[in-house]
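Per-entry structural report
If you want the building blocks of each chain, they are given just below.
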Amino acid sequence: MKTSIAVLTAGAAIASVGVAQLVQKDRQHKQTIDAALSGIQIEWLSRASSDPLEAQFWAPEEIEPEQYQRLLSGKRMLCQLSLRHRIGLVTRRQLTLYTADLMTHASCRDYWERFGSYREAEAESRVERQFTKAMKDAYLRATTLAA
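Keep in mind the model is a prediction, meaning the values are calculated, not measured. (Residues numbered from 1 in each chain as written. Predicted model: local features only at pLDDT ≥ 70, side-chain atom pairs only at ≥ 80, totals over all residues. Heavy atoms only, no water.)

1. Brief notes about the overall build of the protein
A count of helices and strands for the protein gives six helices and zero strands. Helices and strands in the protein line up, N terminus first, as α-α-α-α-α-α. A compact globule built from 147 residues should have a C-alpha radius of gyration of about 15 Å, whereas the protein, at 22 Å, is more than 25% larger. Sorting the 147 residues of the protein into buried and exposed places 28% on the buried side. Excluding contacts between residues fewer than 6 apart, the proportion of contacts in the protein whose partners are at least 24 apart in sequence is 64%. (Helix = DSSP H or I, 4+ residues; strand = E, 2+ residues; numbered from the N terminus. Rg over C-alpha atoms; globule rule 2.2 N^0.38 Å. Buried < 20%, exposed > 50% of the residue type's maximum accessible area, 1.4 Å probe, protein only. Contact = heavy atoms within 4.5 Å.)

Right, here's the structure in full:
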């Protein structure tokens, strides 16, 4: 009886290690896809914020292309920080520091003023909500201090 319990225990331990490896591999795969898609977005933001024809093509009707380029430049900085945060390279303390730094730039403040509520509404995961809360708090601090 003791041998069968030992075999069952060893089998359960091996199975749990296998499951943990599968979970880790799945998480890494999702992070790789997220990083690749974010890279594509950041590349487009770089192009659209520096190419007047691209900005003119994509700018909403109520925004001048030059103003849209400024907003996209702010969004690019925000997306770069967001990616670093999502893949775990930014701690909560660093997030507070970095978001405050982003809000020293008018393009980031203007972007958040215009699109921040949309970003908050689309945030689904705990990490995304944490990031948008940090951005909102930094924006409120920056605009309150300026007033």
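2. Some points on the pattern of salt bridges
Counted under the stated rule, the structure contains eight salt bridges. In this structure, Lys133 engages Asp137 in a salt bridge whose closest nitrogen and oxygen atoms are separated by 2.9 Å. One end of the pair, Lys133, and the other, Asp137, are both in helix 6 (residues 126-146), four residues apart, so they sit about a helical turn from each other. (Salt bridge = Lys/Arg side-chain N within 4 Å of Asp/Glu carboxyl O.)

3. A look at the packing of helix 3 (residues 65-86) against helix 4 (residues 92-102)
Two elements in contact, helix 3 and helix 4, have axes whose closest approach is 11 Å; the angle formed by their N-to-C orientations is 175 degrees. Relative to helix 4, the element helix 3 lies roughly antiparallel. Seen from helix 3, the contacting residues are Met77, Leu78, Leu81, Arg84 and His85; seen from helix 4, they are Leu95, Tyr98, Thr99 and Leu102. Grouping the constituent residues of the contact of helix 3 with helix 4 by class yields six nonpolar, two polar and one charged. (Axes fitted to C-alpha atoms, helices over the stretch in contact; angles between N-to-C directions. Parallel < 35°, antiparallel > 145°, perpendicular 65-115°, else oblique. Nonpolar A, V, L, I, M, F, W, Y, C, P; charged D, E, K, R; others polar.)

4. Let's talk about the confidence of the model for the protein
The pLDDT averaged across the protein works out to 89; a share of 97% of its residues lies at or above 70. Between the elements of the protein, mean pLDDT differs from a low of 82, seen in helix 1 (residues 2-50), to a high of 96, seen in helix 4. (pLDDT = per-residue confidence, 0-100.)

5. Some thoughts on a nonpolar patch on the surface
Nonpolar side chains collect at one region of the surface, where Ile33, Leu37 and Ile40 lie side by side and expose about 290 Å² of accessible area between them. Note that Ile40 resides in helix 1. (Patch = residues over 30% accessible without salt bridge, like charges linked within 9 Å, V, L, I, M, F, W, Y side chains within 5 Å. Areas by Shrake-Rupley, 256 points an atom, 1.4 Å probe, with all protein chains shown as cover.)

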